Amino acid sequence: MIAIIQRKLGAKLFVAFLTVVLIGAVVLMIAIQFTVPTAFNRHMSGLGPGMGMGQGAGQAGGQGMMQGFYGDFRSGVNEALGVAALGAVIVAVGVSLAFSRRIVAPLRDMTSASRRIAEGNYNERVAVKSADELGQLADSFNQMAERLEQVETRRRQLIGDVSHELRTPLTAIKGSMEGLMDGVLSADAETYQQIHAEADRLSRLVDDLQELSRVEAHAYSLEIQEVNLSALVLTTIRRLTPNARAKNISLTSTVPGNLPSIPGDEDRLEQVLTNLTANGIQYTPEGGEVVISAEQKKGDIQITVSDTGVGIPPEHLTDIFTRFYRVDKSRSRASGGGSGIGLTIARLLVEAHGGRIWAESEGEGKGSRFVFTLPIKK
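Conventions and cut-offs
Residues numbered from 1 in each chain as written. Predicted model: local features only at pLDDT ≥ 70, side-chain atom pairs only at ≥ 80, totals over all residues. Heavy atoms only, no water. Pairing = 2+ DSSP bridges. Helix = DSSP H or I, 4+ residues; strand = E, 2+ residues; numbered from the N terminus. Axes fitted to C-alpha atoms, helices over the stretch in contact; angles between N-to-C directions. Contact = heavy atoms within 4.5 Å. Expected span 1.5 Å × (residues − 1). Buried < 20%, exposed > 50% of the residue type's maximum accessible area, 1.4 Å probe, protein only. Polar contact = N/O pair within 3.5 Å; in protein donor to acceptor, adjacent residues only side chain to side chain. Lys, Arg positive; Asp, Glu negative; His and termini not counted. Salt bridge = Lys/Arg side-chain N within 4 Å of Asp/Glu carboxyl O. Phe/Tyr/Trp six-rings, centres within 6.5 Å; stacked < 30°, edge-to-face > 60°. Bend = angle between axes of the 7 residues up to and from the residue. Left-handed = near helix turned anticlockwise from the far one by under 90°. Nonpolar A, V, L, I, M, F, W, Y, C, P; charged D, E, K, R; others polar. Core = buried A, V, L, I, M, F, W, Y, C linked by side-chain atoms within 4.5 Å.

## Details of the sheet that holds strand β6 (residues 356-360)
Strand order in the open sheet formed by 5 strands is β2-β4-β5-β7-β6, and the pairing between neighbours is mixed. Two strands lie at the open edges of the sheet, namely β2 (250-254) and β6, each paired on one side alone. On average, adjacent strands in this sheet sit at an angle of 15° to one another, irrespective of strand direction. Direction of pairing for strand β4 (residues 289-297) relative to strand β5 (residues 300-307): antiparallel, over a ladder of 8 bridges. Bridging from a neighbouring strand, Gln296 pairs with Ile301 of β5. Along the sheet, helix α6 (residues 229-246) makes contact with β2, β4 and β5, crossing β2 at roughly 175°. Lying over the sheet, helix α8 (residues 341-352) contacts β6 and β7 (368-375), oriented at roughly 140° with respect to β6.

This is the structure:
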């Protein structure tokens, strides 16, 4: 019995309600036993002299009659009290069962739903029937289930994306090697360059996945020092200028020279700026423009990477930094779609520095702006 009460919330609530009623009944009985004699004497004294229990000592017959009368009165009070207590207990049992079941029912629903979610049914939801703490718990449970469903959907998408992206270069490498072995392809520099390019694509994808896992697990340390933002932007432009020139894209910056230094890990911040700038170059058609700008806003430095590229539909702006998220699912890494890993890494690194990052765009074909802030002081 005790083990059942310890395991069942409904049993605990029932016992708690019943205990309160029983304690109240016991207190009532004890109070009655102490107050009945005084109340009896007070009311009998009002009937006339010699009618109290302590009066009429010389009249043995009258005293005996009063003692018997008092005994009958007390027995009647106890009997009425016993019946009332029994009725109260019966009503309390019914009410306790009803309330405990009503309280436990949504918890049972959540328990069953959580078990089904654990089995892989992420579309499970529970009904929110009230606005109290149980209703808030049910609402939080539904939000958790929805996020788990989204994570599972992205996991499946990740498996499909990574499988596709691994298969494409592997197929090309395998085909080239078979062509070389069969003598269909000539063993010249061009063939080897194609094989090397596909192997390089595989290497970049693996590096991106490894870096993402490290950043998400916080398996790295930030070496905080004073960072000169102007020098950081100049380094990024020098690194990515060959990529921009290959597409005839103008890569420039408008960063004031008097910006204060910011505390941060220079290598990680350079990685953020490189990822955002490379993304702008990747999604900007030939003849376009990518501009890096910065300005001081109160206690933060705001850095913006603007491009005149394909733009981002408004409904995708909130998800653009989600790992492996693609605005255009039909794009592959070869066609410029990427896998969304670089932007996710940028978001995590900016947040690790105490900043924020977001994307802005007026829509498709109208370019985009990736903005992040970094605090001037830690």
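## Remarks on helix α7 (residues 266-282)
Spanning 17 residues, α7 covers 24 Å between terminal C-alpha atoms, matching the ideal 24 Å at 1.5 Å per step. Buried residues of α7: Arg268, Leu269, Glu270, Val272, Leu273, Thr274, Leu276, Thr277, Asn279, Gly280 and Ile281, and no others. N-capping of α7 is provided by Asp265, with a side-chain oxygen placed 3.1 Å from the backbone N of Asp267.

## Some details on the side chain of Asp265
Within the element layout of this structure, Asp265 appears in the loop between β3 (262-264) and α7. It is Arg268 that comes nearest to the buried, bridge-free Asp265 among opposite-charge side chains, at 5.0 Å.

## Concerning the pattern of salt bridges
Counted by the stated rule, this structure contains 10 salt bridges. Of the charged contacts in the structure, one is a salt bridge between Glu211 and Arg268, with a shortest N-O distance of 2.6 Å. In this pair, Glu211 sits in helix α5 (residues 189-216) while Arg268 sits in helix α7, placing the two residues 57 residues apart along the sequence. Owing to a relative accessible area of 16%, Glu211 belongs among the buried residues under this scheme. Between Glu270 and Arg239 there is a salt bridge, with its nearest N and O atoms 2.9 Å apart. Taken as a pair, Glu270 in helix α7 and Arg239 in helix α6 lie far apart in primary sequence, 31 residues in all.

## A few points about the side chain of Ser361
Here Ser361 is to be found in the loop between β6 and β7. Taking relative accessible area as the criterion, Ser361 reaches 11% and is therefore assigned buried. Polar side-chain contacts of Ser361 include one of 3.2 Å to the backbone nitrogen of Gly363.

## Topic: the packing of aromatic side chains
In this structure the tally under the stated criterion is 1 aromatic pair. An angle of 90° between the planes, with centres 5.9 Å apart, marks the rings of Phe321 and Phe370 as edge-to-face. A residue pair is termed long-range when its members are at least 10 positions apart, and Phe321 in the loop between β5 and α8 and Phe370 in strand β7 qualify at 49 residues. Look at Phe370 and you get buried, because its relative accessible area is 2%.

## Let's talk about α6
For α6, built from 18 residues, the straight-helix expectation of 26 Å at 1.5 Å per residue is met to within 8% by its first-to-last C-alpha distance of 26 Å. Along α6, the largest kink reaches about 45° and is centred on Leu240; proline Pro242 follows within four residues of it. When we look at burial in α6, the residues that qualify are Leu229, Leu232, Val233, Thr236, Ile237, Leu240, Thr241 and Ala244. As for α6, its buried residues are in contact with β1 (225-227), β2, α7, β4 and β5. Here α6 starts with a cap whose side-chain oxygen sits 3.0 Å from the backbone nitrogen of Ser230, and that cap is Asn228. Just past α6, the residue Asn248 takes up positive phi, approximately 55°.

## A closer look at the packing of α6 against α7
For the pair α6 and α7, interaxial distance at closest approach is 10 Å and the crossing angle is 35°. Like other packed secondary-structure pairs, α6 and α7 cross with a definite hand, here right-handed. Only Glu266, Leu269, Glu270, Leu273, Thr274, Thr277, Ala278 and Ile281 of α7 make contact with α6, whose side of the interface consists of Leu232, Val233, Thr235, Thr236, Arg239, Leu240, Asn243 and Ala244.

## Things to note about the packing of α7 against α8
Two numbers describe how α7 lies on α8: the axes approach to 9 Å, and their chain directions differ by 145°. Considering the relative orientation of α7 and α8, their crossing is left-handed. Here Arg268, Gln271, Val272, Asn275, Leu276 and Asn279 of α7 lie close against α8, whose contacting residues are Gly342, Leu343, Ile345, Ala346, Leu349 and Val350. Here the residues of the contact of α7 with α8 are counted per class, giving 7 nonpolar, 4 polar and 1 charged.

## Brief notes about the nonpolar core
Membership of the largest hydrophobic core comes to 43 residues, with the highest contact counts inside it found for Leu229, Leu273, Leu276, Ile303, Phe370 and Phe372. Of all the secondary structure elements, the ones that give two or more residues to this core are α5, α6, α7, β4, β5, α8, β6 and β7. The element contributing the most residues to this core is α8, with 7 residues. Apart from residues lying up to four places away in sequence, Phe370 is in contact with Leu276, Asn279, Ile303, Thr304, Val305, Ile312, Ile320, Phe321, Leu343, Trp358 and Ala359. Grouped together as the second largest cluster of nonpolar side chains are 7 residues, Met110, Ile117, Val126 and Phe141 included.

Read these as spatial facts, not as claims about activity.
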